[in-house]
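Take a look at the letters that make up each chain.
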Amino acid sequence: MSEKKKVYLDHAATTPVRPEVLEEMLPVFSRQFGNPSSFYQTGREARQLLDQARQRIARCMGADPTEIYFTSCGTESDNWAIKGAALASSDKGRHIITSAIEHHAVLHACQALEKQGYSLTVLPVDAYGLVDPQAVRAAIRPDTILVSVMMANNEIGTIEPIAEIAAVCREKKVLFHSDAVQAAGALPIDVHELGVDLMSFSGHKLYAPKGVGALYIRRGVRIDNLLDGGAQERNRRGGTEIVAGIVAFARAYELAVAEMDETAERLSRLRDRFIEKVMDKIPHTRLNGHPGLRLPNNINVSFEFIEGESILLMLDHFGYECSSGSACTSGSLDPSHVLLAIGLPHEIAHGSLRVTLGHTTRADDLDRLVEDLIGIVARLRAMSPLYHAEQHA
């Protein structure tokens, strides 16, 4: 193994800003820098850009522009949807349902409400990470006010049956929220066809900058404000809008939708080839997540008998930038809650590697990664007492 050029393979954590996106946002910093709430010309120009971006993003997801509200990130969108819906409906009930594999922005928001006296049901998933719509139906009670299930998992890539879950919630007259942060730009989204009431988005997962997100709120759905302090976003979310980021978000989402079929085909082909090679050449390896109902760019594998952190350190030395799970929990030594939820024991969950592909990913980079992984895993297993015990069992 020899040290190689840097290969970025953590697109689920964040993405670089695309040149076309940067080109569109740069003038907003200098010439069109006004506050959209100001009445003079520079402010009016910023307001026009903001309104146009709202229309553009709405078209990408099949929504009406009046149903789109801009936020700072996916985490804010998740918190606003969950806490806002819960507080607005507390007179009807105080029971919330979510799944065991949600992003911590959802799980921790629900747990915060639990501390305020709300009741929380966390649904299990199957070995692939799928939520059963009938389990949702069975968990709904007369006091249930909200169900939140993500569209696609950020760690294992499993795509959830969102339309079916939404249909159950609609039948039971319960609000349904879905975190689409990882799905947007990778999967087709039509919020009205899906039947969701609330849906969260983030710009930096689809080649826009960090610091911008959105929340879809279906017309007629009542949720309380999360941020007060101004009349922005039609009196729903205080704070001066980051117009440059919002314009960039619109451009990035439009590009993603226009290129979606081609991108999905290319990345799925690279993904499946990598998985096949790794599973064939490295024994005691398992694929995490659904083999078919999976984001086109997601690979998550566990190598038994070794630690994921050690794999990442060695990969970083050879120029590969990957992860062992969600970037939001990378400082934690605990195994992934998602991998534990799909039934992996702690010792195997600790040995996970997430590789997420993107626009710059090439087949030869992945081929080299496979070859380097063979050596890295062999070296780490040579130092592993667990592996030696297995070999002599």
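Read on for an overview of the structure. (Residues numbered from 1 in each chain as written. Predicted model: local features only at pLDDT ≥ 70, side-chain atom pairs only at ≥ 80, totals over all residues. Heavy atoms only, no water.)

A separate point is the pattern of salt bridges. Tallying each qualifying case throughout the model produces 21 salt bridges. For the salt bridge of R56 with E254, the shortest nitrogen-to-oxygen distance reads 2.8 Å. Linking R56 in helix α2 (residues 41-61) with E254 in helix α9 (residues 243-258), this pair joins segments that are 198 residues apart in sequence. Overall, R56 belongs to the buried group, its relative accessible area being 15%. The residue R141 makes a salt bridge to D143 at a minimum N-O spacing of 2.9 Å. By relative accessible area, which is 34% here, R141 ends up partly exposed. Residues joined in a network through salt bridges with shared partners are K5, D364, D365 and R368. (Salt bridge = Lys/Arg side-chain N within 4 Å of Asp/Glu carboxyl O. Helix = DSSP H or I, 4+ residues; strand = E, 2+ residues; numbered from the N terminus. Buried < 20%, exposed > 50% of the residue type's maximum accessible area, 1.4 Å probe, protein only.)

Along strand β7 (residues 198-202), five of the five residues are buried, which leaves the element largely enclosed by surrounding structure. The alternating pattern of β7 places L198, S200 and S202 and M199 and F201 on opposite faces, both of which are buried. Relative to strand β8 (residues 213-217), β7 runs antiparallel, the two being bridged by five bridges. Residue pairing across strands places F201 opposite A214, the latter belonging to β8. (Pairing = 2+ DSSP bridges.)

Further remarks concern the sheet that holds strand β9 (residues 285-287). Within a sheet, each strand pairs with its neighbour through backbone hydrogen bonds, oriented either parallel or antiparallel. An order of β9-β10-β12 is seen for the three strands of this open sheet, with the pairing classed as antiparallel. Each having just a single partner strand, β9 and β12 (352-356) make up the two edges of the open sheet. Strand-to-strand twist of the sheet, defined as the mean angle between neighbouring strand axes without regard to direction, takes the value 25°. Bridge count between strand β10 (residues 298-303) and β12: five bridges; the pairing is antiparallel. Paired with I299 across the strands is V355, a residue of β12. Relative to the sheet, helix α14 (residues 363-382) contacts β9, β10 and β12, its axis offset from that of β10 by approximately 25°. (Axes fitted to C-alpha atoms, helices over the stretch in contact; angles between N-to-C directions. Contact = heavy atoms within 4.5 Å.)

At a minimum axis separation of 9 Å, α2 and α9 run at an interaxial angle of 30°. By the angle between their axes, α2 is roughly parallel relative to α9. Where α2 crosses over α9, the handedness of that crossing is left-handed. Taken together, the residues of α9 that come into contact with α2 (itself represented by A46, L49, L50, A53, R56, I57, R59, C60 and M61) are V243, I246, V247, F249, A250, R251, Y253, E254 and V257. Grouping the amino acids of the contact of α2 with α9 by side-chain chemistry returns 14 nonpolar, no polar and four charged. (Parallel < 35°, antiparallel > 145°, perpendicular 65-115°, else oblique. Left-handed = near helix turned anticlockwise from the far one by under 90°. Nonpolar A, V, L, I, M, F, W, Y, C, P; charged D, E, K, R; others polar.)

With that out of the way, let us pick up unusual backbone geometry. Residues other than glycine seldom take positive phi values, yet H284 does so here, at roughly 55°. Turning to its location among the elements, H284 is positioned in the loop between α10 (260-281) and β9.

This part takes up the sheet that holds strand β2 (residues 68-71). If you walk across this open sheet you meet the seven strands as β2-β8-β7-β6-β5-β3-β4, and the pairing is mixed. Of all strands in the sheet, those bounded by a partner on one side alone are β2 and β4 (119-123). Adjacent strand axes in the sheet meet at a mean angle of 20°, parallel and antiparallel pairs treated alike. Relative to β4, strand β3 (residues 95-99) is paired through five bridges, and the arrangement is parallel. In the sheet register, S99 faces β4, and the bridge partner there is L123.

Our focus in this paragraph is the packing of aromatic side chains. Per the stated rule, a full pass over the model turns up three aromatic pairs. Here F249 and Y253 contribute two aromatic rings whose centre-to-centre distance is 6.3 Å and whose plane-to-plane angle is 5°, an arrangement assigned as stacked. With F249 and Y253 both in helix α9 and four residues apart, the pair spans about one turn of that helix. F249 gets classed as buried once you look at its relative accessible area, which sits at 0%. Take Y253: its relative accessible area is 1%, and that puts it in the buried class. (Phe/Tyr/Trp six-rings, centres within 6.5 Å; stacked < 30°, edge-to-face > 60°.)

Read these as spatial facts, not as claims about activity.
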